[in-house]
Amino acid sequence: MSEPFIRAKGLQYTYMAGTPLAVEALKGVDLEVWPGEAIGLIGPAGAGKSTLVQHLNGLLRPRARGQLWIDGQDMGDPRVDARPLRRRIGLVFQRPEDQLFKTLVGDDIAFGPRQLGLPREEVRERVRWAMEMVGLDFGAFVDRPVVSLSGGERRRAAIAGTLALRPSTLILDEATSGLDPRGRRQLLDLLRRLHREEGTTVILVTTHMEDLVGLAGRVVVLAGGRTVLEGSLREVYGQADLLRRHGLGVPQMAEVGEALAARGCRLSRVPLTVQEAEEEIAPRLGVSCGVV
Amino acid sequence: MESFEVFRHVTIGQYLPGESLVHRLDPRAKITVVLLLIAAVTFSTSYTAHLALLALTLGLIALANLPVRYIVSGVRPALPFILLLALMQLFVYGEAAASAVRGSAVLWQWGVLRVTAGSLRLTLVSLARLLELLLLVSLLTNATPTTSLTYGIESMLRPFARLGLPAHELSLIGTIALRFVPVLGEQFETILKAQASRGANLRFGGRLQFVRSAQQMVVLLVPLFLNALLRAEDLILAMEARCYGGGRGRSHYVRLRLRAPDYVAMALALVFTAAVLAARNALP
C-alpha cells in the first residue's frame, strides 16, 4: 500500500464558529483511508460522524486547527476546488431518498452524469449500470414516477444516483437505517460487490456494527468528536467495555463470547458471526452439528 | 471556497439563551417597549434624538448581554444595497429632501448631483434608523424564546377576539411558522450539500444568468417543498392524535404575569418616546 488516499490529523470543526451558537462537532479526529479499502465508521449519535464524512468530499473544510489531505491535496487551503473531488468521492447522505427531485426515476439517477456533460449514450449506460447494481430493474423502473416507489426502492434509486457518477470512493452515512432486514442485506451485498468487483473504496458510517461483518477490514470508532479506537473488526468487537462506555451497542456474538469468558470459558477469538461462534463453541461441547 | 453554512448570517429571530434582566421581562412588556421605541425611531428626524436612541438601544443590548458584533454581522449580506441606497439618497434626493425635511442649503453640487443639508440629514438619519431598528428587533427576538413571544402576542391580541379576531389561531400559526424556520433552514443546507455531492454545480450561474440560477434552484426547492408538505401532514396528524383543540379555555403551562420591572420598563419607554416625539422639531 502506498499513500493514504484520505488522511486527517487532529481534525477539528465548529459549526456557527464565531457566533454565540457555536457547536464544537469535531475535537480531534485522526483517520487514514487507503485506496481500495473498506472501512467502517461507528459512533454514538452526536459523535461527529456526519460532520466528518462531510469533510471527506469537501463539503466542509478544515478551518483553524487540524489537517486534512485528500488525494494529496491540502483541504485547508482555500484555493483547492472541491468540486472535481466530489465526482470521485460519492457521498450518500442520511435518508438520501429525501433528495430526489425529478419526476421519473431514470431522470433523477441521470442527474449526476448529465451534470458531468457526458454524451447521451454514456449517461444511459451509467443509469442502467447503477440501477442494476442497486437491484432496480432498468426496464421496469427507469420510467416509473418517483412518487410510486416504496421507501426502500427510493433509497436504492437515490444511491444509484450517486453510483452513476462512478466514484472511486463511496461514503454512506447511515445508509442502512430505516431499511427492513432484506433491504439492509441487499444494500450490504451491493457494497461488498462494489468493493470486491469494482475496487471501490467504501466508507460505511453506521451505528450497527453487525453491518460491517464481511465488508470492513478496519473500523474506526468516533465518540465526542474524537477518534477513540481503531483496529480490525475483531479487535473492536473485543473492546466491549469501551464500546458500552461510549453508548454503543455490543454485537450479540461478542456478548456471547464475553459471557462465556466471564464464566471461565475463554474462546480463542472473538466471534463475529453466528457461524464463528458455533465453530468456537461446538467443539468444547463435544458435539459437531455441521451447519447451524 | 464554497460555503454551505447558509444560515450562519441570519441573526434576527435567533434566540440566545441568557439570564439577563431583559431575558426575564414579560414578553408583552418587551413587545410594548420595542414598539414604543420603534415609533420614536421612525418619527424623529433630529440628530440629537437619534444619538440618544442609538445610545439607548446599545445600552439595552449591553443590558441583555447580547453580542453587538453578532447582531451587526446579520446585515453583512445586505450591506452593498444599503450603501447604494444611502449614496442615492445623498446625491440624488437633494432637491426633494430640501423641501420635505429641514435644510435646503446646498452643500455640494456637480451637474444633477446635489447634496443639501436635508439630503445629508436624511441619509444619516436613515442609516441610524436602520441600525436602531436592527438592534431593537434583535433585542426582542434574541432575548425572547419564540414560544413566549407568540404567547405574548396572543395575549395582547386577546381583547380583539370580541371583534372576531382569531387571536389564538394567529399565534399558533406564528409559533409553527417560527418553529419551522430553523428546521427548514437545516433541511435546505442538507439538500444543498446532497445535491452538490451528486455533481450539481451550485454556483447559481453568473450574476446575470437568472434563468440558469432559477433552473438550479429547482434542484433544491422541489425536495425542500416536498419535505415541508410531508412534515406539515405529519404535524397535522400528531396534533389530531393528541386531540388538539386550541382556542377558548385553553390554559398555558407558563402563565404570563406582569411584575414591577415590566411596568417600570414600559413606563420608562413611554416617557422616553413621548419626550423624543414632543421635542422632535425643537432639537437640532
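As the structure is a computational prediction, the values presented were derived from the model and not from experiment.

Moving on, we get to the overall build of chain B. Secondary structure assignment for chain B yields eleven helices and two strands. Each helix (α) and strand (β) of chain B, taken in turn from the N terminus, gives the series α-α-α-α-α-α-β-β-α-α-α-α-α. Buried positions account for 26% of the 284 residues belonging to chain B.

Attention shifts here to the domain arrangement of chain A. Residue and element names in this part refer to chain A. What the domain assignment lists for chain A is domain 1 (6-250) and domain 2 (251-292). Of note, the centres of domain 1 and domain 2, computed from C-alpha atoms alone, are 33 Å apart. The interface of domain 1 with domain 2 comprises nine residues on the first partner and eight residues on the second. When residues of the side of domain 1 that touches domain 2 are assigned to their parent elements, the largest contribution, three residues, is made by helix 8 (residues 233-237). For the side of domain 1 that touches domain 2, the class distribution of residues is six nonpolar, one polar and two charged.

With that settled, consider the packing of helix 2 (residues 27-43) of chain B against helix 7 (residues 117-142) of chain B. All names here are of chain B. Axis separation between helix 2 and helix 7 bottoms out at 10 Å; the angle between their running directions is 175°. As judged from the angle between their axes, helix 2 and helix 7 are roughly antiparallel. Taken together, the residues of helix 7 that come into contact with helix 2 (itself represented by Lys30, Ile31, Val34, Leu37, Ile38 and Val41) are Arg129, Glu132, Leu133, Leu136, Leu139 and Leu140. Grouping the amino acids of the contact of helix 2 with helix 7 by side-chain chemistry returns nine nonpolar, no polar and three charged.

Glancing now at helix 3 (residues 105-115) of chain A. All names here are of chain A. The buried count for helix 3 comes to eight of eleven residues, which makes it a mostly enclosed element. Those residues of helix 3 that are buried are in contact with helix 4 (120-134), helix 5 (138-141) and helix 6 (151-163). Gly117 lies just past helix 3 and shows a positive phi near 75°.

The subject of this paragraph is the packing of helix 5 (residues 79-92) of chain B against helix 7 of chain B. In helix packing, the relevant descriptors are the interaxial angle and the interaxial distance, both defined with respect to the helix axes. Residues and elements named next belong to chain B. Axis separation between helix 5 and helix 7 bottoms out at 8 Å; the angle between their running directions is 155°. By the criterion of interaxial angle, the relationship of helix 5 to helix 7 is roughly antiparallel. Across the interface between the two elements, Ile82, Ala86, Gln89 and Leu90 of helix 5 pack against Ser119, Leu120, Leu122, Thr123, Ser126, Leu127 and Leu130 of helix 7.

So, on to the interface of chain A and chain B. Taken together, the 27 residues of chain A in the interface contact 23 residues of chain B. Residue assignment for the side of chain A that touches chain B shows that the elements contributing at least two residues are helix 2 (83-88), strand 6 (89-92), helix 3 and helix 6 of chain A. For the side of chain A that touches chain B, the per-class residue count stands at 13 nonpolar, nine polar and five charged.

This next bit is on unusual backbone geometry. Residues apart from glycine generally show negative phi values, whereas peptide bonds are mostly found in trans. All names here are of chain A. Positive phi is not limited to glycine here, since Met16 has a value of about 55°. If you trace the backbone, Met16 turns up in the loop between strand 1 (6-15) and strand 2 (23-33). Under the C-beta neighbour-count criterion, Met16 is labelled partly exposed, with 14 such atoms within 10 Å. Phi is positive for Glu174, close to 50°, though the residue is something other than glycine. Tracing the backbone through its elements, the reader meets Glu174 in the loop between strand 7 (169-173) and helix 7 (181-197).

Below, the discussion takes up the environment of Ile176 of chain B. Checked against the element boundaries, Ile176 of chain B lands in helix 9 (residues 167-197). Sequence separation between Ile176 of chain B and Thr146 of chain B is 30 residues; the distance between their C-alpha atoms is 9.7 Å.

The rules behind these values
- Residues numbered from 1 in each chain as written.
- Chains lettered and ligands numbered in written order.
- Predicted model: local features only at pLDDT ≥ 70, side-chain atom pairs only at ≥ 80, totals over all residues.
- Helix = DSSP H or I, 4+ residues; strand = E, 2+ residues; numbered from the N terminus.
- Buried ≥ 20, exposed ≤ 12 C-beta atoms within 10 Å, placed from the backbone.
- Domains from an automatic or database assignment.
- Contact = placed C-beta atoms within 7 Å.
- Nonpolar A, V, L, I, M, F, W, Y, C, P; charged D, E, K, R; others polar.
- Axes fitted to C-alpha atoms, helices over the stretch in contact; angles between N-to-C directions.
- Parallel < 35°, antiparallel > 145°, perpendicular 65-115°, else oblique.

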